[in-house]
Amino acid sequence: MNKKLLSVLLILVMTTVLFVGCSKEDTPKNNTDGKTNGTTNDKADDKLPILGAGIYSSSDNFNSYIGKAIVNASKGVFETNIEDGQNDQGTQNNQTDTMLAKGAKAIALSVVDTTAAPVLVQKAIDAGNIPVIFFNKEIMDQELLASYDKVYQVTSTGGDYGASIQGQMIIDYWNANPEVDKNGDGKLQLIVLMGDPGHTAAQPRAQYVKTTIEEAGIEIDLLEEDTGMWDTAKAKDKMDAWVSKYGDSIEFIVAANDAMALGALQSIEAAGFNNEGKESDMYIPIIGIDALPEVLDRIESGEMMGSVLQDARTQGEVIVKMADNLVNDRDPLEGIDFELEPGAKAIRVPYQPITIDNLDVAKETYAE
Ligand code: GAL
Ligand code: CA
């Protein structure tokens, strides 16, 4: 009996020591948080308010990085963990109910289905005018945004969603590397892997990359254009069929995100392309969007030509800062270096071109 009591006590003491040890170790990190400090440290010892946060799917690489960025930026500001909506709106609705029931002071979500935004906003209003920050998936319903003073969104540049930069990178590459025109017909034999067609960025990304190229006077011979649903495995399947159909007559592969660029790369490498980077006997340049950590060494090795950085870290920092401002009844933009696009009530974090020449920019973005 006594022995039991002793071991229970011992465990208790050890857990406390461990716990205190951990939080002490975490403290210095809070001070290096960059843009999100300020109110951060004075609250460190209090119980932090809850930020109810969720991404639409943890199998989406880029969204998982924004989730991490939110967690990092929340240190010392909010208690949070990232719910996985599992690409199911019902699941995400339930998770939102739970966050609010637990007393979340703000919620931040990339929605599964953008048409569910009104329902989510209503939940937050009903829970006591809780601020809502949507991110990643753009909410186009401006009436909804205008109807509630505590709803905002944080995304990347809208309109072309980074695809004009992607197009310009292809133009520069074409001009610097005449051998891209393998058959010498003056046209670019192109493959385009689109995002999920239900997604606001899917159509514009496919469109703007092509119009940017064409407006520079380069004619496109579009071999194939189809969706890979933002997904590596699905993109690989599509590419498998195309590479066996067109082989070395493919001159460029454009993927609307890096997850699909990686799928395309797997496919063409299995068919004998790109294994030796740019020096390969058979080579097809591939470009993506997001500049995820997992593509950076592929760019370094020349297996991929480049990507367009979508700055997950800054988005995470802005989301947390804005939530903190709204929770504390401050101007939502206080301490934020970006402007608000009025109708969309959106903060737009700019995209940046990434090639082998500036990989550091992307590496820095994902450094923790
Ligand atoms: C895009 C991103 C894609 C995917 C998509 C999901 O902005 O480039 O990789 O994450 O959002 O909403
Ligand atoms: Ca050609």
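For the structure itself, look to the data block above.
What counts, and at which threshold
- Residues numbered from 1 in each chain as written.
- Chains lettered and ligands numbered in written order.
- Predicted model: local features only at pLDDT ≥ 70, side-chain atom pairs only at ≥ 80, totals over all residues.
- Heavy atoms only, no water.
- 1 Å grid on protein atoms, 1.4 Å probe; cavity = no way out; pocket = protein on both sides within 12 Å on 5 of 7 lines; lining within 4 Å.
- Points joined across faces, edges and corners; volume = space filled by probe spheres on them.
- Helix = DSSP H or I, 4+ residues; strand = E, 2+ residues; numbered from the N terminus.
- Nonpolar A, V, L, I, M, F, W, Y, C, P; charged D, E, K, R; others polar.
- Domains from an automatic or database assignment.
- Core = buried A, V, L, I, M, F, W, Y, C linked by side-chain atoms within 4.5 Å.
- Buried < 20%, exposed > 50% of the residue type's maximum accessible area, 1.4 Å probe, protein only.
- Contact = heavy atoms within 4.5 Å.
- Donors = N, O, S within 2.8 Å, 3.2 Å for Na, K, Ca; no water.
- Phe/Tyr/Trp six-rings, centres within 6.5 Å; stacked < 30°, edge-to-face > 60°.
- Lys NZ or Arg CZ within 6 Å of the ring centre and 35° of its normal.

Draft legend 1. Examining empty space enclosed by the protein more closely. Across all of its chains, the model carries two cavities of 30 Å³ or more by this definition. By volume, the largest cavity is sized at about 180 Å³. Lining the largest cavity are 17 residues; nearest its centre among them are F62, N136, H199, R205 and Q310. Where the lining of the largest cavity is concerned, the elements lending two or more residues are α2 (61-74) and β5 (151-156). Each residue belonging to the lining of the largest cavity can be placed in one class, and the counts come to six nonpolar, seven polar and four charged. Split by domain, the residues of the lining of the largest cavity number at least three in each of domain 1 (47-159 + 311-349) and domain 2 (163-288).

Draft legend 2. Summary view of the nonpolar core. Judged by nonpolar contacts, the single largest core of 86 residues is most densely connected at L51, L188, M239, F252, I253 and I268. The dominant element in this core, judged by the number of residues it contributes, is helix α11 (residues 312-327), at seven residues. Built from parts of two domains, this core gets at least three residues from each of domain 1 (47-159 + 311-349) and domain 2 (163-288). Those residues in contact with I268 that sit more than four places away from it in its chain are M239, V243, I253, F273, N274, I284 and I286.

Draft legend 3. Expanded view of the coordination of the calcium ion (ligand 2). Surrounding the calcium ion (ligand 2) are the protein donor atoms D181 (OD), N183 (OD1), D185 (OD), K187 (O), Q189 (OE1), E251 (OE) and E251 (OE), at 2.3 to 2.5 Å. We classify D185 as partly exposed; its relative accessible area is 35%.

Draft legend 4. Focus on the packing of aromatic side chains. What the rule picks out here adds up to two aromatic pairs. Note on Y65 and Y366: the rings are 5.0 Å apart at their centroids and 70° apart in plane angle, and the pair reads as edge-to-face. With a gap of 301 residues between them, Y65 in helix α2 and Y366 in helix α12 (residues 359-366) connect regions that are remote in the sequence. Note on accessibility: Y65 and Y366 belong to one class, buried. Residues Y173 and F252 carry aromatic rings whose centres are separated by 6.0 Å and whose planes lie at 90° to one another, so their mutual orientation is edge-to-face. In this pair, Y173 is assigned in helix α6 (residues 163-176) and F252 in strand β8 (residues 252-255), connecting sequence segments 79 residues apart. F252 matches Y173 in its accessibility class, with the two residues each being buried. One residue, K345, lies across the ring of Y152, its end atom 4.8 Å from the ring centre.

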